[in-house]
Amino acid sequence: MERKQKVDSRGKQVGMFVLKTIIYFAILMALIYLYEYSGLNSVHFIYNEF
């Protein structure tokens, strides 16, 4: 039996790393946006009107 080893070029490895980094960054930004949009931090101080 012949065993074929998958050999990725260095450029392909760098490209996959960059692609994964961009995807994870986009997911993180989407989660931060949704958290800010939900308005959890927009509670007014109780004595703000005085």
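Residues numbered from 1 in each chain as written. Predicted model: local features only at pLDDT ≥ 70, side-chain atom pairs only at ≥ 80, totals over all residues. Heavy atoms only, no water.

### What to know about the overall build of the chain
Argument step 1. The number of helices and strands found in the chain is one helix and zero strands.
Argument step 2. Residue burial in the chain is summarised as follows: out of 50 residues, 0% are buried.
Argument step 3. Here the chain displays about 5,700 Å² of accessible surface, and carbon together with sulfur accounts for 65% of that area. (Helix = DSSP H or I, 4+ residues; strand = E, 2+ residues; numbered from the N terminus. Buried < 20%, exposed > 50% of the residue type's maximum accessible area, 1.4 Å probe, protein only. Areas by Shrake-Rupley, 256 points an atom, 1.4 Å probe, with all protein chains shown as cover.)

### Quick look at the UniProt feature "transmembrane region" (unreviewed entry) in the chain
Argument step 1. The UniProt record annotates "transmembrane region" (unreviewed entry) at residues 14-35.
Argument step 2. Taken as a whole, residues 14-35 contains 100% helix and 0% strand, while its terminal C-alpha atoms sit 31 Å from one another. (UniProt positions renumbered as here; feature names shortened; annotations may be inferred.)

### Thoughts on a nonpolar patch on the surface
Argument step 1. A cluster of nonpolar side chains, namely Met-16, Leu-19, Ile-23, Tyr-24, Ile-27 and Leu-31, defines an oily patch on the protein surface of about 600 Å² accessible area.
Argument step 2. Mapping Ile-23 onto the fold places it in helix 1 (residues 10-37). (Patch = residues over 30% accessible without salt bridge, like charges linked within 9 Å, V, L, I, M, F, W, Y side chains within 5 Å. Salt bridge = Lys/Arg side-chain N within 4 Å of Asp/Glu carboxyl O.)

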